[in-house]
Structures are given as structure tokens and as C-alpha cells.
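Summary of the model geometry
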Amino acid sequence: MSGNMNLTLKIWRQKNANAVGGFETFNVKNISLDSSFLEMLDILNEELELKGVEPVAFEHDCREGICGACSLVINGRPHGPLDKITTCQLHMRHFKDGDIIWIEPWRAKAFPVIKDLIVDRTSFDKIIQAGGFVSVDTGGVPDANAILISKESIETATDAAACIGCGACVAACKNASAMLFVSAKVSQFAVLPQGQPERYLRVEAMVKRMDELGFGSCTNTYACEAECPKGISIRNIARMNRDYFMSKIKSENVEM
Amino acid sequence: MIKLDSKIPPGQIQEKWTNHKFNMKLVNPANKRKYDIIVVGTGLAGASAAASLAELGYNVTVLTYHDSPRRAHSIAAQGGVNAAKNYPNDGDSIYRLFYDTLKGGDYRSREANVYRLAEVSNNIIDQCVAQGVPFAREYGGHLDNRSFGGALVSRTFYSRSITGQQLLLGAYSALSRQVGLGKIKMFTRREMLEVVVVDGTARGVVARNLVTGEIENYSAHAVCLATGGYSRVFYLSTNAMYCNATAAWRAHKKGAVFANPCFTQIHPTCLPLHGDQQSKLTLMSESLRNDGRVWVPLKPGDKRKPKDIPERERDYILERKYPTYGNLAPRDISSRAAKEACDEGKGVGDTGQAVYLDFADSIKRLGKKVIDERYGNLFEMYELITAENPWEVPMRIYPAPHYTMGGIWVDYNLMSSIPGLFVLGEANFSDHGANRLGASALMQGLADGYFVIPYTIGDYLAGTKFGTVKNDNPEFKKEVDNINDLTKKLLSIKGKRTTDDIHRQLGRIMWNKVGMARNEKGLKDAIKEIRDLREEFWQNVNVPGSGEDLNISLEKAGRVADFLELGELMAVDGLDRNESCGGHFREEYQYEDGEAKRNDKKYAYVSAWEYKKAGDWKLIKESLNFEFLKPTVRSYK
Ligand SMILES: Cc1cc2nc3c(=O)[nH]c(=O)nc-3n(C[C@H](O)[C@H](O)[C@H](O)COP(=O)(O)OP(=O)(O)OC[C@H]3O[C@@H](n4cnc5c(N)ncnc54)[C@H](O)[C@@H]3O)c2cc1C
Ligand code: SF4
Ligand code: FES
């Protein structure tokens, strides 16, 4: 069933990291209300391909809101107009015939544009590499039930661990701060017994790396929480700040 | 001619792996750093393998086409991971998990592999917990379990409906730790396009840098492919959009035989199709069948709202046909039951291509809170996509291609028919036979990566004399030239159809003729249609842009070109197998009541296909010997 929505799209196009980008205007026709936003872009891209024009490059994969690949600023909002979903979960029934839709990439110094709507988010991986883990090798671990964890702790840890690493929090923040993302990983381990031995080392190392990578500082505007598709709470930031403060008291490398 | 040796160790089933571990050669710890290993893919199988191998001291190079290792398709698994812990005290054991998995696979897998899988399953849970994976807990702090299709015990560990994500993030953090320590070199946005074979052994890969378009060489002493499954050959599937068979297929064309390509799994609980603009199908976790009841109206063509159809005019198809397992019957059986109901005109919704999955009874029995805790985010996801509220109206579900049991043939050590090329996770064919049980793919991926490959690769390395192969070896240059030629060819066709358009057509052929139910004529037609389509692709596809840049059209075209060859082999394999087993249902071979008719006399073998040239394969049969469990008719009644 094709539908009957016709739309005007203003899409950011940029040939590569060094090129100057700008908005281009496209029209799409007969879009079904039940299509997803990315399916609407697929239709545009197929039309472009048929004309021998390079399609608009955008990132996506699972289309179920879990891989964290999709990443568009739609009409000024990361992941579009609805709360707590990713772009790939956005459906066209939330738009109407004749709408003009602005589509841009994440914008942050630590996320440079690679092409069109695709940005480089490897800085997130680098922060995890600095300490976002429990140092345990394969094998030689105790029976799983030897570590008891209360339901409450596991719920808090899972809430934090649900972060998909999409970067909307950074894109939403006027300082391009990565605090919500980092605090989610720090919190997951901070509330679990497995995370205790490295608790303060971890937060120290991750925050240091975050600062080096050019993310901005947090000035408590809560824009990150509002745009996070997974509802990661800013309480995690408070927890991280507390742990970070403790780490500085305990740390050998005092530089306060 | 290629000779296959499964290398199954002798002895009692319980001792095989232990003895084998003892008999394998070990690499001296001080020498491990002299060996380079490439791992392609960072899903559960690849990430766990890379981390474990680096921890042992090997130099590991990891490639993925994703922008980050955390995006691998494993992230999307919802339901859970099996293990034989028997924490609920309900009669589980390693032997029972072995039995269930072998039976679930309809006796088309190797006993020894399946037993090993069950044996290491418990270590997986221990490992993941130690990493901080937040599995669900009981109030007392112990781990919670749920049951899953094809089993009568509760052995599935889970984390809400995001188990795959949590397991993958666990493996990803182990991998990241090794990247931080400098033991893993991580290359993202790299698509492996060829395995490089020097003097008959795998010595590296060639990959395209997806940002710059450059073709890069990576040399090593051994290569592990953990590149996932090929359900996207159907175009519409539950797999992520980028999932593809290219790595496996190119390895196949280099000499890695491909096993059981026609064994694919159609998952019973997916959201139905909304229309022709659809790009993929969404899985609703099978765990929903624990508390949801599958039904259709008794009368064909009954268009009343579900709540207006009284109990006695409903047909709870699975409960009626399979009283013992009921709504927990295995996937192939449940999918076919849904299709049959729709074929009889009893399907529901606008398209008539759906059955109900109803939670009303469970909500009444257990309360809203319990159901919300178990499935809250699945309910939300359903509503988001369909704009219908499953708390009030039953869900509508329909089967969709989901998992591929077939894959690159490997021996007990996970080595393919190319020495030095190992294949892990969904990309190999090893453990699930003709049908995979729920929550056992995550188990297999992690078993392969954490607990099998670290041992078996050492045996290979310690037992092999290596000449020096650097990435300026002429074999690399040859591969690079081939890839550049292919790119030029794709970009020069400038035809009238898009890659997606051709892919959709391939998908329709596969779904209609090589899908849930197959027959001789359909398979023969499919082979011809796929060949014609392949020809059309090479004459009429339009791939814009250049090879020296990020080019999503070019990436897609290369993958679809491979699907157009693989699809044919799936049909060829399905045609050879004149029996019904697991996910492979041949309409000619069924009992009166519609159940699958297996033929153990003639088909108790693995079909391993050796590539000759496009459209030409040679069948090698690896016969399956059942020493410990005698194949019986698989009954879930
Ligand atoms: C929606 C969904 C839900 C599921 N739920 C469950 C469940 O609850 N329980 C369960 O047991 N199983 C489940 N499964 C199945 C299971 O998730 C997969 O079988 C499993 O995760 C596959 O893991 P893998 O490591 O083999 O491959 P993948 O996770 O698919 O990873 C493949 C990797 O290879 C890389 N790659 C591929 N080709 C190339 C190339 N040419 N060059 C470079 N890199 C390449 C990719 O980038 C990726 O990193 C589910 C599957 C789906 C689709
Ligand atoms: S915290 Fe939220 S917005 Fe930020 S990366 Fe994680 S999921 Fe995305
Ligand atoms: S495409 Fe995976 S989260 Fe959107």
C-alpha cells in the first residue's frame, strides 16, 4: 500500500569531512502513514539512484531502536519530534501531508561529519576503552549465583546499561557534553558488586579520556535527558560526579 | 577434490571435549605474541573470540563494517541465552540441553558439537555475570530463568528484553579493554571482501575502507570469520539492514565449502507486513509465547473484532495441535501452523496475513504488573510500530525469516575446509542442524568465541609451520586487482533498476519458493528465476557514485551480487534434500496430519557444497552418526 503523503525535505549534504556542506531540497510523494521515517528516506534514495545521483548517506542498521546507529536531527530535535524513541522508530503518521522537514547530522566537535548525515562517533568507543569494563579475563570466574545482587541494584544497573551509544545526548547539549553517556556506563558498574574494585579508577580514567576528546562540560541544562531515546536519567550524572569527587580524594595523581 | 574430516574426537560423549582439550597442542605463552590473528566481525562470536585471544597474548586485528564494534547485529537479540545450570531445580542437565538441542535441530547436527555446546553453556553465564552483565534476578538476589520454545524446563537467562544488547556490551567491553591495552588493533568501517590464501592456507584478508574507498591488506597466521547469518537473502527479514553474506560467500568461492544452505529459520512471532514500502520485519521476542496464546477465528473470513469473537469460536491452533508444548512448540512448527491457518483464510488483520497473540488470560491470571515487568518494552515497541495497544487488543503476528542454520562448513575445531580459516557464530553451520531452538544462538556465539576457539586455534598454530607472508605478497595484489575490477564493473553498468529493487525481487522468489514450504517444481523454478535475475543485475543495475569515497550504493550492490549466487545454492540444496526436517519443509514429504517426514536412511548427512563456478557446485556428504541419541520422530504433541 503506498500512501498519499507528499513532503518537502531539506537535507544536509556534505561530500566528505573536509568539504563545505549545505542544505538541499527534495520532494517525496505517496508516502504511507505506516512507513517509518527511514523507509521514507529509502524511497528518496531509490529515486536518486535511478537518476544516477548519489543517495543521501545516513547511518542505520537494526531499525528497532537498539543498535544506536541511526542519528538524525529532525526539525531541530535529535531522533525527531517524539520522546524516548530513535529515528528508526519514528513513523510517518506523526507528520502530515505538505510538511517541510529539516534533516541534519549530529553536530558536535567530537563527532565530525564523514558524509552527508553520517558522523564519526569513535570517540565514544575510546572512552569505553579507557575504563568502561570490569577487568576480568575469560575463564576462572566464580559460579554466577555466587554473586548475589538485589533486584533493586540490578534494575538500576539495567536502566543505565540500556544506553545504546547513539550520541543524541551530545547532539542535544549546547556544550556537546558526553556526561550522560559516560555516567550511564559508570553507574552500571558503580551499583554492581562486580564493579567495586575498579570503581574509582574507572570513573577517573573515563572522565579524563572524555575531556581529552573534546567533549564540552556539563552545565545542568537536562537537554540530554530530554532527548535520550532510552530514558537514561541525569541521576546517573549526579552519581558519577560523586564517584569522581571520591576518586580525586583517593587518587594518587592529585592535581586539583 | 576437497575431503572433509569432521575431526570428532573418540570416546564417550561426556569425555570428548575434555580429552580433546588435553590432546591439543599448546602454544608456549612467550610465543603467543609472535602470532597474528585476524577476527572479522564483532558480534557475540567475534567480540568474545577477539577479547579471549588477546587476553591469551596473541596479536589480534579486528575488522568490522560497522562504525563501532558495539553495533553488530547481536545487539538486537531480545529473548535470552540458554544454559544447563538447573538453578530452578526443574530437571535440567547438560545432557538434557544436549538432547533438546539435537532433537530441536531434527537430528541434522553432530552429536559431539552439540554436546560441547551444552557443556560450556554454564561457563558462559558465569563469565557474563563476572563482566557485569545485568541478568534478571529474583528477590533473594539469585538469577532468574524463563522458559523458551522447544523446552520443558526453564533454562533461559535474560535481561529484560535486551539480552543480546547486554551480552554484546559485555563482550564489547572485554574487547575494548584489550584495545585499550594495545593487544587488539581495531579497524571499524572496513568491509572484508576476500580471504587471502597462500600455499593453501588462509594468511590474511583484503578489506575496503568504507570511508576512503581504499582497498587494504591485512596479513596474519590465521583468520576467524564471525560475520553472522544470511537471512537478508529474503530481503525482508528480522535481521539488521546491513547483515549480509559477503564475507562467507567470498570465502566459499575461495574453497570453504558451504553446509546446509537450505536450513533457514522462519520465526513465528514477528510483526506483520504493513505494505510495499516496508524495509524490514520486526521480531517480537519468542518469550512472549510463554504467556501469550496464539489463536485465529474458527471460521474462515471472520472479520469481527477479536473481542467480539467468543471463546468457542476461536481456534487456539498450537494448544490444539500440540497439547504438551502448546504455545511453546518449536519455531518451525509454530510458523507453519500460522501459515496454514492464513492459507485456510483464517488470517486476521487487513492483509489476512497474521494470527493473534493474546495476553488477556495471562493479564487476568498474573496481573498487569507481572506482565509489564516481563514484556513491558515489547508491548511499547509493538504499539509504537502498529499504533495498536496490546494491553487492549491482541497482538497480530506473522512468521518472518530470522536465522540461518546453514553456513560455512567447519570441523569440530571450527576450522573450515581452508586450513587456517576458522568460522564462528551464525556464520558457521555447526550446532543447530535443521532448526535452532530459541536462546541458543547467543549461547553458540559465545561458546565459540570464549570457550572453543581459544583452544582450537592454539592447536592449529602450534602444529603448523609458517612461511613469512607480509601484506606485499603477490596474492594480496591479485585480490586487490580483482576487487578493483569488480567495483569498476558495478559502477559502469548504469542500468535502469536499483539494487534494492532487484533485491526485493530476489526476496520474493526466496520467500515464495525457498521459504516455509518448498516443493520440487518451485525449487526448480526458483533456480531458473534467480539465474535470470542475476543476469539482469549485471546488465541493468544502476550504482551511482565512485569507488574512492563512502558509497552506500556500491556497498549494497556488492552484497546483493553475492546474495544472487547464494540464493541459487539454497534452492539447489533444498532440491537435493528429498525429505522434510526442521526448517526445511518439502511439501511432498509429510505425514497425513501435515507433520514433517524425515528420511534418516537417505538424508542423515550434512550437505557440504564445493564451489566450482557460478551456478555449479559439487555435493560432498558428511554422514551423521548418532552414537548416543537415536533419532526419533520429533514429536511435540
Ligand atoms: C531480532 C533478533 C532477535 C534475536 N534474539 C535471539 C535470542 O533472544 N536468543 C538467541 O539465542 N538468539 C537470538 N537471535 C539470533 C542471534 O542474535 C544471532 O544469531 C547472533 O547474535 C549472531 O551473532 P554473530 O556474532 O554470529 O554475528 P553478528 O552479531 O551478526 O555479527 C556479525 C559481525 O560481522 C561483521 N561483518 C559481517 N560481514 C563483514 C564483512 N564483510 N567485513 C567486516 N565485517 C563484517 C559485522 O559488522 C558484525 O560485527 C536473534 C536474532 C535476531 C535477528
Ligand atoms: S545516554 Fe541516551 S542519548 Fe546518550 S548515547 Fe546513551 S542512549 Fe544515546
Ligand atoms: S537503526 Fe538501530 S537504533 Fe536506529
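Residues numbered from 1 in each chain as written. Chains lettered and ligands numbered in written order. Predicted model: local features only at pLDDT ≥ 70, side-chain atom pairs only at ≥ 80, totals over all residues. Heavy atoms only, no water.

**Examining the site of ligand 1**
Residues and elements named next belong to chain B. Quick note on the threshold: Here a residue is near a molecule or strand as soon as one of its heavy atoms is found within 4 Å of it. Any N or O atom pair separated by 3.5 Å or less is treated as a polar contact, with the protein-specific requirement of one donor-capable and one acceptor-capable atom, and with residues adjacent in sequence counted only for side-chain atom pairs. Method for areas: the Shrake-Rupley scheme with a 1.4 Å probe, in which residue coverage is limited to the protein chains shown. Starting at the N terminus, helices and strands are each numbered in turn, a helix being any DSSP run of H or I of at least four residues and a strand any DSSP run of E of at least two. Each residue receives one of three labels: charged for Asp, Glu, Lys and Arg, nonpolar for Ala, Val, Leu, Ile, Met, Phe, Trp, Tyr, Cys and Pro, and polar for the others, Gly being one of them.
Ligand 1 sits among 37 residues. The nearest are Thr64, Ser74, Met192, Glu426 and Leu442. Threonine 42 is positioned with one of its backbone polar atoms (N or O) 2.9 Å from an oxygen atom of ligand 1. Within the backbone of alanine 226, an N or O atom sits 3.3 Å from an oxygen atom of ligand 1. When ligand 1 sits alone it has 1,000 Å² of accessible area, and the protein chains cover 98% of it. Elements that contribute at least two residues to the shell around ligand 1 include exactly helix H2 (44-56), strand S6 (190-198), strand S15 (395-404) and helix H11 (441-462). Per element, the largest residue contribution to the shell around ligand 1 is three residues, and it comes from S6. Counted by class, the shell around ligand 1 contains 16 nonpolar, 17 polar and four charged residues.

**Quick word on the packing of aromatic side chains**
All names here are of chain B. The test is simple: Any two of the Phe, Tyr and Trp rings considered here, Trp counted by its six-membered ring, make a pair once their centres fall within 6.5 Å; the pair's planes then place it as stacked at under 30 degrees, edge-to-face at over 60, or tilted in between. Partly exposed describes any residue whose relative accessible area lies between the buried limit of under 20% and the exposed limit of over 50%, with all areas from a 1.4 Å probe on protein chains only and scaled to the type maximum.
In total, this model carries 33 aromatic pairs over all chains according to the counting rule given. A centroid spacing of 5.7 Å and a plane angle of 75 degrees characterise the contact between phenylalanine 422 and tyrosine 460, whose relative ring orientation is edge-to-face. Of this pair, phenylalanine 422 sits in strand S17 (residues 421-423) while tyrosine 460 is found in helix H11, placing the two residues 38 residues apart along the sequence. Residue class for phenylalanine 422 comes out buried when judged on its relative accessible area of 0%. On the basis of relative accessibility, which here comes to 10%, the residue tyrosine 460 falls in the buried class. Taken together, Tyr230, Trp249, Phe258, Tyr611 and Trp617 form an aromatic cluster joined through their ring pairs.

**Things to note about the domain arrangement of chain A**
It is common to report an interface's size as the accessible area lost on association of the parts. Residues and elements named next belong to chain A. The line we're drawing: All domain edges in this entry derive from an automatic or database-based domain assignment. In what follows, residue pairs with any heavy atoms lying within 4.5 Å of each other are defined as contacts. Accessible surface is computed with a 1.4 Å probe, and the buried area is the amount of it that two parts give up when combined, taken over both parts together. Between Lys or Arg on one side and Asp or Glu on the other, a salt bridge is scored when a side-chain nitrogen of the former is within 4 Å of a carboxyl oxygen of the latter.
Its domain assignment divides chain A into domain 1 (4-115) and domain 2 (121-250). Measuring from the centre of the C-alpha atoms in domain 1 to the corresponding centre in domain 2 gives 29 Å. Each side of the interface is counted separately: domain 1 has 21 residues, and domain 2 has 21 residues. For the domain 1 face of the interface with domain 2, the top three residues by lost area are Pro78, Ala110 and Phe111, together amounting to 34%. Inspection of the region where domain 1 meets domain 2 yields two salt bridges.

**As for the interface of chain A and chain B**
Each partner contributes to the interface: chain A provides 79 residues, whereas chain B provides 84 residues. Summed over both sides, the interface between chain A and chain B buries roughly 6,700 Å², with carbon and sulfur atoms accounting for 50% of that surface. The interface formed by chain A and chain B contains 10 salt bridges. In this structure, the connection of chain A to chain B is made through 53 residue pairs in polar contact (both at pLDDT 80 or more). The set of elements that each furnish at least two residues to the side of chain A that touches chain B consists of strand S2 (22-31), helix H1 (37-50), strand S6 (113-115), strand S7 (118-119), helix H2 (122-131), helix H3 (151-161) and helix H5 (179-190) of chain A. Split into classes, the residues belonging to the side of chain A that touches chain B amount to 36 nonpolar, 22 polar and 21 charged.

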